[in-house]
Amino acid sequence: MVSQTHPDKAVQKPIDDETLARQKAIDDWLPITSSRTAKWWYSAFHNVSAMVGAGVLSLPYAMAELGWGPGVVVLVLSWVITLYTLWQMVEMHEMVPGKRFDRYHELGQHAFGEKLGLYIVVPQQLIVQVGTCIVYMVTGGKSLKKFHDLVCKDCKDIKLTFFIMIFASVHFVLSHLPNFNSISGVSLAAAVMSLSYSAIAWTASVHKGVQPDTQYGYKAKTTAGTVFNFFGGLGNVAFAYAGHNVVLEIQATLPSTPEKQSKGPMWRGVVVAYIIVALCYFPVALIGYWMFGNAVQDNILMSLEKPTWLIAMANLFVAVHVIGGYQIYAMPVFDMIETLLVKKLNFKPSSLLRFFVRNIYVVLTMFVGITFPFFGGLLGFFGGFAFAPTTYYLPCVIWLLIYKPKKFSLSWWTNWICIVLGVLLMVVSPIGGLRQIILEAKGYDFYS
């Protein structure tokens, strides 16, 4: 008999060797805990793939909605706050000696209690991860369609639906890679692509130069329109930083010993990733807005159009990047579903179980993507309730609950400022998203 003690409880529960062996076998099979041999640079490109979504291409449009002053402040503040909250999560991964919080909800359970932690974290995580996968289905399909339309201008027009299905077909293969380490090659390709299409976006903008009659005032003619657009711009910037939802799961793949914890190499990877994020986000946002003003389209590549071959390549790079991004966000969802089936419903861990779970997930995300290709607006609406908390302030709340910094100390003030800004963001960003849904849904035909 072996005794296992939960860090929160003084009572010891005896667990027999057979149960321990079964638990180990399950952990060795589940995607998050099956491999702990990753290098620090794996965490760098996993984080870049998770963070730098195709949303970077909408940042000039967000700047147009926010204006020069507020836009620059929001961009810089978001980068600083999210780097700080990411550091908190990396630090908290192994704060209990001998235990690792391999999943976001496990950290939540430690802070809020077994049940409440699940209820607070899991729904928010699922909204972000499943929502992002659906958005990437749409983005991948649209990018492939743009590539096709630019390369073959005389070809017959093909529906967006078919391009989303082509994009999904890749995931029927890739989704069967067992864990994070096995998708490191896909993730590296995605990280390189994100740097490439970001560079194309801002260098092509510089080449095109400042457009005639460029205006930097707010586009909306009414005060209400300007305010709603401002809220939408806040949402666009906030949703560009969503990597926190997979950071503990990425850190779980790194080896760790009491002498040499995983937080060292993980933090090194995060810093490299955030430097790359800055190199992608700031030039695209600022140069794109500078060149086109408030006439910039919601995808900067659409404002550029020429040279045709370069913009076609950029769209292809976006498609390759969101293939990797989809896998990064899908892996924790696979882990949740497979954990539920194996640990709670006592299914046997097998390749067949994994085959059905993952294929059904790809089919469902594809179907929703085809049905609602304006899902960006839906994500702006629902994501406001989940993106802002999990990224901007939930790590701060957990930090205050666990470490209890002294009142009015620097740590106390920093966390409370992040919490207040995060809550404001959570309240106002869904308003912009809801308005966008209403405007887009008016003239929409299903499966068109």
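Above this text sits the structure in question.
This text gives an overview of the structure that appears in the document. (Residues numbered from 1 in each chain as written. Predicted model: local features only at pLDDT ≥ 70, side-chain atom pairs only at ≥ 80, totals over all residues. Heavy atoms only, no water.)

## A look at the overall build of the chain
- Along its length, the chain carries 16 helices and two strands.
- The C-alpha atoms of the chain give 22 Å as radius of gyration, which agrees with the globular expectation for 448 residues (22 Å, within 12%).
- Along the first, second and third principal axes, the C-alpha atoms of the chain reach 75 × 55 × 40 Å.
- For the chain, long-range pairs separated by at least 24 residues make up 82% of all intrachain contacts whose partners lie at least 6 apart in sequence.
- For the chain, the exposed surface amounts to about 19800 Å²; the carbon and sulfur share of it is 70%.
- The positive charge centre, built from 33 side chains, and the negative charge centre, built from 24, are 3 Å apart in the chain. (Helix = DSSP H or I, 4+ residues; strand = E, 2+ residues; numbered from the N terminus. Rg over C-alpha atoms; globule rule 2.2 N^0.38 Å. Contact = heavy atoms within 4.5 Å. Areas by Shrake-Rupley, 256 points an atom, 1.4 Å probe, with all protein chains shown as cover. Lys, Arg positive; Asp, Glu negative; His and termini not counted. Charge placed at Lys NZ, Arg CZ, Asp CG, Glu CD.)

## Notes on helix α8 (residues 184–208)
- Counted at 1.5 Å a residue, the expected span for α8 with its 25 residues is 36 Å, and the 36 Å between its end C-alpha atoms agrees.
- Residues Ser184, Ser187, Ala190, Ala191, Met193, Ser194, Tyr197, Ser198, Ile200, Ala201, Ala204 and Ser205 constitute the buried set of α8.
- Against α2 (40–51), α11 (263–292), α12 (300–304) and α13 (308–344) lie the buried residues of α8.
- With its phi angle positive at about 80°, glycine 209 sits one or two positions after the end of α8. (Expected span 1.5 Å × (residues − 1). Buried < 20%, exposed > 50% of the residue type's maximum accessible area, 1.4 Å probe, protein only.)

## A word on the state of the cysteines
- Per the counting criterion, the structure on display carries one disulfide.
- Here cysteine 152 is linked by a disulfide to cysteine 155, with a sulfur-sulfur distance of 1.4 Å. The sign of the 45° torsion about the S-S bond sets the cysteine 152-cysteine 155 disulfide as right-handed.
- Look at cysteine 152 and you get partly exposed, because its relative accessible area is 25%.
- Judged by its relative accessible area of 35%, cysteine 155 is partly exposed. (Disulfide = S-S within 2.5 Å.)

## Describing the nonpolar core
- Tyr241 and Tyr281 are the most contacted members of the largest nonpolar core, which totals 119 residues.
- Here tyrosine 241 is in contact with Met51, Leu75, Ser78, Trp79, Thr82, Tyr274, Val277, Tyr281, Thr391 and Tyr392, once residues within four sequence places are set aside.
- Formed by seven residues, the second largest nonpolar core is a distinct cluster that contains Trp29, Leu30, Val342 and Leu353. (Core = buried A, V, L, I, M, F, W, Y, C linked by side-chain atoms within 4.5 Å.)

## A look at α13
- The terminal C-alpha atoms of α13, which comprises 37 residues, lie 53 Å apart, in line with the 54 Å expected from a rise of 1.5 Å per residue.
- When the local axis directions of α13 are compared, the greatest deviation, roughly 30°, occurs at alanine 330, which is followed within four positions by the proline proline 332.
- Most of α13 is tucked away, with 28 of its 37 residues classed as buried.
- Residue asparagine 346 follows α13 closely and has a positive phi angle near 60°. (Bend = angle between axes of the 7 residues up to and from the residue.)

## So, the pattern of salt bridges
- Summed over the entire model, instances satisfying the criterion amount to 10 salt bridges.
- Taking the shortest distance from any N to any O, the salt bridge between aspartate 149 and lysine 145 comes out at 3.5 Å. With aspartate 149 and lysine 145 both in helix α6 (residues 114–151) and four residues apart, the pair spans about one turn of that helix.
- On the accessibility criterion, aspartate 149 (31% relative accessible area) is partly exposed.
- Of the residues examined, lysine 145 reaches a relative accessible area of 18% and is grouped as buried. (Salt bridge = Lys/Arg side-chain N within 4 Å of Asp/Glu carboxyl O.)

## Looking at the side chain of threonine 33
- Here threonine 33 shows up in the loop between α1 (17–29) and α2.
- Judged by its relative accessible area of 8%, threonine 33 is buried.
- Polar side-chain contacts of threonine 33 include one of 2.7 Å to the backbone oxygen of aspartate 27.
- The residues touching threonine 33, leaving out its near neighbours within four places in the chain, are Asp27, Asp102 and Arg103. (Polar contact = N/O pair within 3.5 Å; in protein donor to acceptor, adjacent residues only side chain to side chain.)

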